[in-house]
Amino acid sequence: MAKLSTDDLLDAFKELTLLELSDFVKKFEETFDVTAAAPVAAVAAAPGAAAAPAEEEKDEFDVILEGAGDKKIQVIKVVREVVSGLGLKEAKELVEGAPKPILEKVDKDAANAAKEKLEAAGAKISVK
């Protein structure tokens, strides 16, 4: 087997859909017994420490599909409309695999617009 350069690997990954890339990452993690998740620093509050700062207003939201409801075909169509570059197969897998994030780190207006479209199609949506 010919050894691929880093650039060759990146070019190959660019051709994958998000679902295919997600499957690859899972298989990679299983094969090499590693995780691709970023480490999270644990912070313990000392007694007498200042209270948590006032919660800042969020400017990035995640739109999460909780369920497709009775009109799954309509929901799949809207998911393809809302998520650019998503094929029919990927949209179907996304809808059938609910709860799943549809959009991540989008502004409030885009999140609300996507939520309205998906709920009008019959989906159950949450915005976090």
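Because the structure is predicted, anything quoted here is derived from the model rather than measured.

Calculation criteria
Residues numbered from 1 in each chain as written. Predicted model: local features only at pLDDT ≥ 70, side-chain atom pairs only at ≥ 80, totals over all residues. Heavy atoms only, no water. Core = buried A, V, L, I, M, F, W, Y, C linked by side-chain atoms within 4.5 Å. Buried < 20%, exposed > 50% of the residue type's maximum accessible area, 1.4 Å probe, protein only. Helix = DSSP H or I, 4+ residues; strand = E, 2+ residues; numbered from the N terminus. Contact = heavy atoms within 4.5 Å. Axes fitted to C-alpha atoms, helices over the stretch in contact; angles between N-to-C directions. Parallel < 35°, antiparallel > 145°, perpendicular 65-115°, else oblique. Left-handed = near helix turned anticlockwise from the far one by under 90°. Nonpolar A, V, L, I, M, F, W, Y, C, P; charged D, E, K, R; others polar. Pairing = 2+ DSSP bridges.

Quick notes on the nonpolar core
One finds Val75, Val79, Ile102, Leu103 and Leu118 to be the most contacted residues of the largest nonpolar core, which totals 23 residues. Listing elements by their share of this core, those giving two or more residues are β1 (61–67), α3 (72–82), α4 (88–96), β2 (100–106) and α5 (108–120). Per element, the largest residue contribution to this core is 5 residues, and it comes from α3. Not counting residues within four places of it along the chain, the set of residues in contact with valine 79 comprises Leu86, Ala91, Leu94, Val95, Ile102 and Leu118.

Describing the packing of α3 against α4
Close contact between α3 and α4 brings their axes to 9 Å; oriented N to C, the two are set at 120°. Viewed along their axes, α3 and α4 adopt a mutual orientation that is oblique. Relative to α4, α3 is oriented so that their crossing is right-handed. Between α3 and α4, the residues in contact are Lys72, Val75, Ile76, Val79 and Arg80 and Leu88, Ala91, Lys92, Leu94, Val95 and Glu96, respectively. Its residues assigned to classes, the contact of α3 with α4 shows 7 nonpolar, no polar and 4 charged.

Observations regarding the sheet that holds β2
In space, the 3 strands of this open sheet follow the order β2-β1-β3, with antiparallel pairing throughout. Two strands bound the open sheet, and with one partner strand each, they are β2 and β3 (124–127). Between one strand and the next, the sheet's axes are offset by a mean angle of 20°, whatever the strand orientation. Of the strand pairs in this sheet, β1 and β3 are connected by 4 bridges, and their pairing is antiparallel. Within the sheet, the bridge partner assigned to leucine 65 lies in β3 and is isoleucine 125.

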